[in-house]
Amino acid sequence: MNQTLPPALAPFARQDCAIPTYLFHLLSSIFLQRGLNTAKLTEGAGIGADELWQEATLISFDQSMVIIKNALSLSQDPGLGLAVGSNESLSDLGMLGYAIASCKNGQDALRISQSYFQTTTNLTHVKMNFQQQEYSRSSTPTHEVTADLFRFLVDEDLSGHVKLTRDFLDENYAPLAVHFAYPEPEDVACYQAFFQCPLCFDAPVSKVVMHAEDLARGNQSYNPVTESLAIKLCDEMLLQQNSNRSLVGKVHLALLRTPEQYPSIQEVAEQLAMSERSLRRRLTELNTSFKEIFNKVRLELALRYLQDSNLAMEDIAQLVGFSDSTSFYRSFKKWTGKAPSAFRVQE
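Residues numbered from 1 in each chain as written. Predicted model: local features only at pLDDT ≥ 70, side-chain atom pairs only at ≥ 80, totals over all residues. Heavy atoms only, no water.

Our next topic: the overall build of the protein chain. Across its full length, the protein chain holds 14 helices and 8 strands. Relative to a compact globule of 347 residues, whose C-alpha radius of gyration would be 20 Å, the protein chain shows 21 Å and is just as compact. For the protein chain, the C-alpha atoms occupy an extent of roughly 55 × 50 × 45 Å along the three principal directions. When each of the 347 residues of the protein chain is scored for burial, the buried share is 51%. The contacts of the protein chain with a sequence gap of at least 6 include a subset with a gap of at least 24, amounting to 70%. Of the roughly 17,000 Å² of accessible surface on the protein chain, 49% is carried by carbon and sulfur atoms. Taken as two groups, the 30 positive and 40 negative side-chain charges of the protein chain have centres that lie 7 Å from each other. (Helix = DSSP H or I, 4+ residues; strand = E, 2+ residues; numbered from the N terminus. Rg over C-alpha atoms; globule rule 2.2 N^0.38 Å. Buried < 20%, exposed > 50% of the residue type's maximum accessible area, 1.4 Å probe, protein only. Contact = heavy atoms within 4.5 Å. Areas by Shrake-Rupley, 256 points an atom, 1.4 Å probe, with all protein chains shown as cover. Lys, Arg positive; Asp, Glu negative; His and termini not counted. Charge placed at Lys NZ, Arg CZ, Asp CG, Glu CD.)

Take a look at the structure:
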């Protein structure tokens, strides 16, 4: 029987300054190693290059994309994501890295990374799927991006996961396979050299496939006291990030907290310590509405259920707040221009 952990849905809006800059520390280091100008990395991002090195700095998804776009242009290296990910270490994950390094085994490490992934420079959705002989870790960008940014984000996440797994288990470790949801690049030899396993391009989903038995392998550096302290500090970091949500992000999160039992606008307003009238007015000032945010949440959940489960359409309709599958079908077609069945992914 398969065990699928719940997918990490995007709780932050594109403009929410809630992303730590650990990834960009490493990106800057790679630029320095290559003799490239790091001062231009943040051009147009509304942030100074020196701020990338400050631990307290939090930036938005859109700012992150500007920095990565600059990096790709300055380096003239379309495979830069692979270069970044393959150089990552547990220390690059900040407090989460300390928690993982102190874990009991691979299963414990995955559980903690799934719970606290938001404390790192998380720019992708991650889903883990466990089967009897293997498990997979799929990755998709948190928000819609251009093809070059998509490749960078997928490459960085998948190669980073493999590199960190090697740090945790064995430096010679190789996954069973790696899939990429984009065409085979010209520099595919670099991918083969790093991953040391079969590669599949133009795949439906970007993912790393690994041996299930490796989850049981113990960690010689297991330290329950350090692990507990690091997790506590990760909790505090999440609270800090939550305080930086925009109003749209807060409404989005309030609706995600209780799927199938969505709160009304009055209930959400009470959670945010304001009147319903004030909430409606402030959302209007932001060129959106409660209904628009609600529909985005329903679409987001519907896409996750369609792509990550084998649930029947009737069940998905109910889970996203529709009384019947016909109403769900009509709304989904209106939102996406396609039928729900078009988004089913066969892995």
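That was the structure; now back to the text.
Under the criterion given, the structure shown has 11 salt bridges. Ionic pairing is found between Arg137 and Asp157, a salt bridge with its closest N-O pair at 2.7 Å. Taken together, the residues span a long stretch of sequence, with Arg137 in strand S5 (residues 134-141) and Asp157 in helix H6 (residues 147-168) at a distance of 20 residues. Summarising the burial analysis for this pair, Arg137 and Asp157 share the class buried. Note that Asp155 is salt-bridged to Arg151, the shortest N-O span being 3.4 Å. Of this pair, Asp155 and Arg151 are both found in helix H6, 4 residues apart, which corresponds to roughly one turn of the helix. Each of the two residues, Asp155 as well as Arg151, counts as buried. Here the salt bridges do not stand alone but share partners, grouping Arg151, Asp155 and Asp187 into one network. (Salt bridge = Lys/Arg side-chain N within 4 Å of Asp/Glu carboxyl O.)

What follows covers the packing of helix H2 (residues 61-75) against H6. It is the contact of H2 with H6, at a shortest axis distance of 10 Å, that shows an interaxial angle of 95°. Compared by their axis directions, H2 and H6 come out roughly perpendicular. Residues Met65, Ile68, Lys69 and Leu72 of H2 lie in contact with H6, whose contacting residues are Asp148, Leu149, Phe152 and Leu153. Residues belonging to the contact of H2 with H6 are distributed by class as follows: 6 nonpolar, no polar and 2 charged. (Axes fitted to C-alpha atoms, helices over the stretch in contact; angles between N-to-C directions. Parallel < 35°, antiparallel > 145°, perpendicular 65-115°, else oblique. Nonpolar A, V, L, I, M, F, W, Y, C, P; charged D, E, K, R; others polar.)

What follows deals with the nonpolar core. A general tendency of soluble globular proteins is for nonpolar side chains to be buried together. In this structure, Val251, Leu255, Leu279 and Phe328 are the most contacted members of the largest nonpolar core, which totals 27 residues. For this core, the secondary-structure elements that each account for two or more residues are helix H9 (247-256), helix H10 (265-271), helix H11 (276-285), helix H12 (290-308), helix H13 (313-319) and helix H14 (325-336). Apart from residues lying up to four places away in sequence, Val251 is in contact with Val268, Leu272, Leu279, Phe290 and Ile293. (Core = buried A, V, L, I, M, F, W, Y, C linked by side-chain atoms within 4.5 Å.)

One non-glycine residue with positive phi stands out, namely Gln76, at about 55°. Mapping Gln76 onto the fold places it in the loop between H2 and helix H3 (80-85). Using a relative accessible area of 65% as the deciding quantity, one classes Gln76 as exposed. In the Ramachandran plot, Gln196 falls in the positive-phi region, its phi being about 55° despite a non-glycine side chain. Given the relative accessible area of 53%, Gln196 is considered exposed.

Right, let's get into helix H5 (residues 106-116). With 8 of 11 residues buried, H5 lies mostly within the body of the structure. For H5, the complete set of buried residues consists of Gly106, Asp108, Ala109, Leu110, Ile112, Ser113, Gln114 and Tyr116.

Applying the stated criterion to the full structure yields 13 aromatic pairs. Ring centres of Phe180 and Tyr182 lie 5.6 Å apart, and the angle between their planes is 55°; this geometry places the pair in the tilted category. A relative accessible area of 7% means that Tyr182 is categorised as buried. Plain terms: the ring middles of Tyr262 and Phe294 are 5.1 Å apart, the flat faces sit at 65° to each other, and that makes the pair edge-to-face. One end of the pair, Tyr262, is in the loop between H9 and H10; the other, Phe294, is in helix H12, and 32 residues separate them in sequence. (Phe/Tyr/Trp six-rings, centres within 6.5 Å; stacked < 30°, edge-to-face > 60°.)

It is worth spelling out the packing of H9 against H11 at this point. Running from N to C, H9 and H11 cross one another at 125°; their axes reach a closest spacing of 10 Å. Classified by the interaxial angle, the pair formed by H9 and H11 is oblique. Crossing angle aside, the handedness with which H9 passes H11 is left-handed. Only Leu279, Arg282 and Leu283 of H11 make contact with H9, whose side of the interface consists of Leu247, Val248 and Val251. In terms of residue class, the contact of H9 with H11 is made up of 5 nonpolar, no polar and 1 charged. (Left-handed = near helix turned anticlockwise from the far one by under 90°.)

Here we take up the confidence of the model for the protein chain. Confidence in the prediction of the protein chain, expressed as mean pLDDT, is 84, and 92% of residues score 70 or more. Across residues 1-10, where pLDDT falls below 50, the model places 31 contacts with residues more than four positions away in sequence or in other chains. (pLDDT = per-residue confidence, 0-100.)

What follows deals with the side chain of His161. Within the secondary structure, His161 sits in helix H6. Within polar-contact distance, the side chain of His161 engages the side chain of Arg137 at 3.4 Å. In this structure His161 touches Leu110, Tyr135, Arg137, Val208 and Met210, once residues within four positions along its chain are discounted. (Polar contact = N/O pair within 3.5 Å; in protein donor to acceptor, adjacent residues only side chain to side chain.)

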